[in-house]
Amino acid sequence: MQQYSIFSYRKLLLKLLQFAFFLLTISIAAQAAPPPIQGDYRSKITGNWTAASTWEVYSCSGGVCAWIPATTAPGVGTTSTAQGDYNVFITQGTEVTVNTSQTYYFGNLYILANNPVVNVYSSVSSGPNVGRINLESGPVELKLLGDQQNVYILGGVFYFKALNSSLGLRSGNSIIITDYNAVGTESGLGSNGLQQLGISCTGNQKIKFYNADGTLVESEYGVCIDSSSPYTFVQLNNYGGSLAAQLSLSTLKVCVGDILTPVNLTAGFTGIVPAGKTVNYELKLESGPAGYTFSPLIGSFTAPGDANSIPDPSLGPFALDGTYVYSLTVSYPYDNTPTSYQVVSTTTVTLEVSPAGSINCACYRDPVMDPANKYPTKFGITALGRAGALSSTTPDFWPEKAQGGHMALESQTKGFVINRVENTGAILIPVEGMMVFDLSDGQPKIYTLKAGDAAPAWHTFTTPTCPSL
């Protein structure tokens, strides 16, 4: 299934969309270009993409790094099996022209501008504060088909200057548009981002998606103007167009047999889905311990849907320890034909179930609170000389003022030691609830009726747990 997206940070982040689009997580930090590393390219002057003189390369030697003149243009010689491991930056004040169709495989492409970008509508942003790519002399197409090769328009311009011009991306990759300077209403057209100002807006200025092998997946994902395409440039600049599955767990860790801790999956989605589209979902177990089963939840609804469109199942209690991985996939068709490609997003969550008695399953349950009543502690031993001492509220004495206990012990230098016996046989008449320290094997033990046994017996404290009360 194909995965691709375009999304936009609105002007000055006034309408920030933080989506994990198609396995690519973009956070606020993604607004700024990363610092250069060895081998990265940047444009140093306005010129043609294929001219080495347009570019500089970031070179490091002996711990000293600097930009030096490039000897080749970025992308030259790259293939699907020999991808360049560098990023390319279109810097402020430069315009890079692509006037013949090119296919490149490298890291990310960043089109930069000083922030905020001044709106010069009805002209296209240019000048010393703006970086720009111009597609000219059509038909022309710039294909960027590398693995995780994304395009970041950080206030700059991708200019479809030719009537027949296109940008090709690999399925699964994205365009991120920040600081779009739209004017007026949400439907307004600014002077940066995806642009065609000054040129007739046609259905031949478009964004396409390809498979890794170069076969075409979608020929008109976004166009300058076309009623049959999912998105126009104005819509993509303002809103983005995408789909992102969302899945969360009420807790990420639980113990075998725990019936008190709720384990719930919450499923949903975000993104820009055209109203009326049929959104399909599948919530399933990706992996888990042998013997555990989870029936997939499969269904569909009509966009925009609501909070109840995708079920939120309850899980547990769990009988098997191990790692459980659940996934949610949401998708909708580009068109309503049987052969339509699918806009798809998948996300996963992981639950760790620990064995009962393991260190992760010790009992730290909060006490039951009853503020309306008092349950004074009747017996206490103190090394601090406070027995019978008044508290601030008469007649609360120590240890009565210590609420909710059977016994109060306090000391700053002494420990509590339960009775030590040679062995449990030394206790001639044990009673249920009795505790001792058995010197024969060095274990603390309790005389109690264990679940499944017919009679009480001595049992070693080995399993931390939270018994039901």
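Residues numbered from 1 in each chain as written. Predicted model: local features only at pLDDT ≥ 70, side-chain atom pairs only at ≥ 80, totals over all residues. Heavy atoms only, no water.

A. Examining the sheet that holds strand S18 (residues 193-195) more closely. Taking strand neighbours across the sheet as the criterion, the 5 strands line up as S5-S9-S12-S15-S18 in an open arrangement whose pairing is parallel. Two strands close off the open sheet at either side, each with one partner strand: strand S5 (47-48) and S18. Of the strand pairs in this sheet, strand S12 (residues 132-135) and strand S15 (residues 157-160) are connected by 4 bridges, and their pairing is parallel. Looking at S15, one finds that Asn134 is bridged to Tyr159. (Pairing = 2+ DSSP bridges. Helix = DSSP H or I, 4+ residues; strand = E, 2+ residues; numbered from the N terminus.)

B. Local environment of the nonpolar core. One finds Trp49, Leu109 and Phe158 to be the most contacted residues of the largest nonpolar core, which totals 74 residues. Ignoring anything within four residues of it in the chain, the contact list for Leu109 reads Trp49, Val88, Ile90, Ile133, Leu144, Asn150, Val151 and Tyr152. Counting residues in each nonpolar core, the second largest holds 6 residues, with Phe89, Leu112, Leu154 and Ile176 among its members. (Core = buried A, V, L, I, M, F, W, Y, C linked by side-chain atoms within 4.5 Å. Buried < 20%, exposed > 50% of the residue type's maximum accessible area, 1.4 Å probe, protein only. Contact = heavy atoms within 4.5 Å.)

C. Representation of the sheet that holds strand S19 (residues 205-210) in the model. Strand order across the open sheet formed by 6 strands is S10-S13-S16-S19-S20-S21, with mixed pairing between neighbours. Each having just a single partner strand, strand S10 (102-104) and strand S21 (231-232) make up the two edges of the open sheet. As judged from the 6 bridges shared by strand S16 (residues 165-170) and S19, these two strands associate in the parallel manner. From the neighbouring strand, Ser166 faces S19, where its bridge partner is Lys206.

D. Molecular detail of a nonpolar patch on the surface. A surface patch of nonpolar side chains, about 510 Å² in accessible area, is lined by Phe379, Ile381, Met407, Leu409 and Phe416. The topology assignment puts Phe416 in the loop between strand S31 (408-410) and strand S32 (420-421). (Patch = residues over 30% accessible without salt bridge, like charges linked within 9 Å, V, L, I, M, F, W, Y side chains within 5 Å. Areas by Shrake-Rupley, 256 points an atom, 1.4 Å probe, with all protein chains shown as cover. Salt bridge = Lys/Arg side-chain N within 4 Å of Asp/Glu carboxyl O.)

E. Examining the state of the cysteines more closely. Applying the stated criterion across every chain yields a total of 2 disulfides. Note that Cys60 is cross-linked by a disulfide to Cys65, the S-S spacing being 2.0 Å. Between Cys60 and Cys65 the disulfide shows an S-S torsion of about 110°. By sign, it is right-handed. Covalently, Cys201 is tied to Cys224 through a disulfide, its sulfur atoms 1.9 Å apart. Between Cys201 and Cys224, the S-S torsion sits near -125°, and that sign places the bridge as left-handed. Taken together, the positions of Cys201 in the loop between S18 and S19 and Cys224 in the loop between strand S20 (216-223) and S21 put the pair 23 residues apart, joining distant regions of the chain. (Disulfide = S-S within 2.5 Å.)

F. Highlighting the pattern of salt bridges. The final tally for this structure, using the stated rule, is 7 salt bridges. Ionic pairing is found between Asp438 and Lys445, a salt bridge with its closest N-O pair at 2.9 Å. Lys445 matches Asp438 in its accessibility class, with the two residues each being buried. A salt bridge links Lys445 to Asp441, with the nearest nitrogen and oxygen atoms 2.9 Å apart.

G. Summary view of the environment of Ser171. Inspection of the secondary structure puts Ser171 in the loop between S16 and strand S17 (174-178). Considered as a pair, Ser171 and Leu216 are 45 residues apart in the sequence and their alpha carbons are 9.4 Å apart.

H. Looking closely at the pairing of strand S34 (residues 443-448). Two strands pair when backbone bridges link them, and strand S33 (residues 435-438) and S34 are joined in this way by 4 bridges, in the antiparallel orientation. Paired with Val436 across the bridge in S34 is Lys445. Between S33 and S34, which pair antiparallel and follow one another directly, the connecting turn spans 4 residues, one of which, Gly442, has a positive phi of 70°. Bridge analysis of S34 against strand S35 (residues 457-460) gives 4 bridges, and the strand direction is antiparallel. Of the residues in S35, the one forming a bridge with Thr448 is Ala457.

I. Representation of unusual backbone geometry in the model. With an omega dihedral of 5°, the bond running from Gly138 to Pro139 counts as a cis peptide bond. By secondary structure assignment, the location of Pro139 is in the loop between S12 and strand S13 (140-144). Along the chain, Ala303 connects to Pro304 via a cis peptide bond; the corresponding omega equals 15°. Relative to the helices and strands, Pro304 is located in the loop between strand S26 (297-302) and strand S27 (314-315). In this structure, Ser137 is a non-glycine residue whose phi angle is positive, near 55°. According to the relative accessible area criterion, Ser137 is exposed, its value standing at 53%. Although it is not a glycine, Gln148 adopts a positive phi angle of roughly 55°. Within the element layout of this structure, Gln148 appears in the loop between S13 and strand S14 (151-154). Gln148 sits in the exposed class, given a relative accessible area of 58%.

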